[in-house]
Structure formats: C-alpha cells, structure tokens
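So the chains spell out like this:
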Amino acid sequence: MSGQRHIENLALIGFMGTGKSSVGRLVASQLHFNFVDTDEWIERRARKAISRIFTEDGEAAFRLLESQLVAELGRLRRHVISTGGGLGANPVHMASLKKHALVACLWARPEAIWRRVRHATHRPLLREPDPLSRIRRLLEDRAPVYRLADVLINTEMRSVRDVTRQVVHQFRLARSEGKQR
Ligand code: S3P
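Residues numbered from 1 in each chain as written. Predicted model: local features only at pLDDT ≥ 70, side-chain atom pairs only at ≥ 80, totals over all residues. Heavy atoms only, no water.

Side note on the environment of Val 163
Then step 1. Within the element layout of this structure, Val 163 appears in helix α8 (residues 160-180).
Then step 2. Between the C-alpha atom of Val 163 and that of Ala 149, which follows or precedes it by 14 residues, the distance is 16 Å.
Then step 3. Once residues within four sequence positions are removed from consideration, Val 163 is found in contact with Val 23, Leu 106, Ile 153, Thr 155 and Arg 158. (Helix = DSSP H or I, 4+ residues; strand = E, 2+ residues; numbered from the N terminus. Contact = heavy atoms within 4.5 Å.)

Regarding the site of the ligand
Then step 1. Around the ligand, a shell composed of 13 residues is seen, among which Lys 20, Asp 39, Arg 63, Arg 123 and Arg 142 lie nearest.
Then step 2. Separating an oxygen atom of the ligand from a side-chain N or O atom of Asp 39 is a distance of 2.8 Å.
Then step 3. In this structure, Arg 142 approaches the ligand through a side-chain N or O atom, which is 2.7 Å from an oxygen atom.
Then step 4. Here the ligand loses 92% of its free accessible area of 390 Å² to cover by the protein chains.
Then step 5. A molecule is said to occupy a pocket when more than half its atoms come within 2 Å of that pocket's grid points, and by this definition the ligand occupies the largest pocket.
Then step 6. Looking at the shell around the ligand residue by residue, the class counts come to 5 nonpolar, 3 polar and 5 charged. (Near = heavy atom within 4 Å. Polar contact = N/O pair within 3.5 Å; in protein donor to acceptor, adjacent residues only side chain to side chain. Areas by Shrake-Rupley, 256 points an atom, 1.4 Å probe, with all protein chains shown as cover. 1 Å grid on protein atoms, 1.4 Å probe; cavity = no way out; pocket = protein on both sides within 12 Å on 5 of 7 lines; lining within 4 Å. Sits in = over half its atoms within 2 Å of the grid points. Nonpolar A, V, L, I, M, F, W, Y, C, P; charged D, E, K, R; others polar.)

Quick look at the layout of surface pockets
Then step 1. As a volume, the largest pocket reaches approximately 580 Å³.
Then step 2. Around the largest pocket, the lining comprises 30 residues; the ones closest to its centre are Met 16, Asp 39, Gly 84, His 122 and Arg 123.
Then step 3. Counting only elements with at least two residues in the lining of the largest pocket, the list comes to α1 (20-31), α2 (38-46), α3 (50-57), α4 (59-73) and α6 (110-117).
Then step 4. A breakdown of the residues in the lining of the largest pocket according to their chemical character gives 8 nonpolar, 12 polar and 10 charged. (Points joined across faces, edges and corners; volume = space filled by probe spheres on them.)

Observations regarding the pairing of strand β3 (residues 79-82)
Then step 1. On β3, burial covers both faces: His 79 and Ile 81 on one face and Val 80 and Ser 82 on the other are all buried.
Then step 2. In this sheet, β3 lies alongside strand β1 (residues 9-14) in parallel orientation, the contact comprising 3 bridges. Each residue of the ladder has a partner; that of Leu 10, found in β3, is Val 80.
Then step 3. Taken together, the 4 bridges between strand β2 (residues 34-37) and β3 define a ladder with parallel strand orientation. The residue of β3 that forms the bridge with Val 36 is Ile 81. (Buried < 20%, exposed > 50% of the residue type's maximum accessible area, 1.4 Å probe, protein only. Pairing = 2+ DSSP bridges.)

Printed below as a string of structure tokens:
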C-alpha cells in the first residue's frame, strides 16, 4: 500500500480525551500547515452542536456526516486533520485517510481518558450512569481499527508538547522516506 500513498496531510485519530485537538493545533503551527477539526466542520455544516445532532437526528445521522466529510478530505493539502473519536474507528475511513495522510493515533487507557473527560459535558456518548464502563467497552471495540494507524502514540504521562514533538518527528520521517522511494 505504501507505494501508492501521497502523504500530503497528517490525520490524528483516537479516543475522546486523548488530546487530538490540542496536539493537532500545535503540530499544525510547527509544520506551518492549516488545522481542521472534523467535529467543528460538521457543527458548522449542520449549524448545530454535535450533542444536538445526536439528540435530534440520532447517532447514525452523525456518522453519515462523518463519512461524507472523510470523502472530501482527500482534496486537502498541507492540513493537520483532527478527528472525532469515532471517525478513525471505521475501517473505511481509515483506508481513505491513509491515501492522503499519515495517520497517527493518540492512545490512553480508559482510566486516564475518564480522568481527562469527566468534567466535560458536551460528549453525548458519555451521558450515562456508568461512563467509565462505556469508555472501556467503546475502546475495546475500536482498538482493532485504531491499531491500523501508521503511528500509535501513548499520551499518558506526557505533555501536549512532548506528544507534539513525537508526531512532528514521525511525520517528517514518513515524508522524507516517501521522497527517497
Ligand atoms: C465521539 C467523539 C467526539 C465527537 C462525538 C462522538 C466518539 O469527538 O465526535 O461526540 O464517537 O467517540 P472527540 O473525540 O473530539 O471528543
């Protein structure tokens, strides 16, 4: 597969609370790339917050918006794409992203994720009596696809700066290897 790839962009995938947006913004500024966040893009397009899309239209409608967006991302050049936690857990999305982007997955264990997200209220999938169990189940289901990413980076006990440094390094390495082929 790598022979047909053109790494024009960097895509950050991974579970909620792994720092995709914070890392993504910093990586974009270091690479002098544009930054795009798929959740923000969908909210702008749908003209409503993701929590409202889930309650008014249902999760399936949200996933459809994600798939439509993934198909359009291939047009981008020099972008860092930060994705919603479920987007990179779909194998079709993964294959599509890999055509134009290096895919880096930010990782953390369920307990660490829960510590990071428990005070936030905007995530519809965690509005339930036992969110930690929900995180465990979702992460287990998603892990086989997350692991297909080009790079897997553990974010536990690491600062946003440190994770950013690793992502930038991996991206530069992948681009220079691509040029040598
Ligand atoms: C989701 C993660 C959210 C958002 C939506 C669904 C998921 O994005 O896309 O609430 O399925 O894990 P973040 O990962 O940015 O929180």
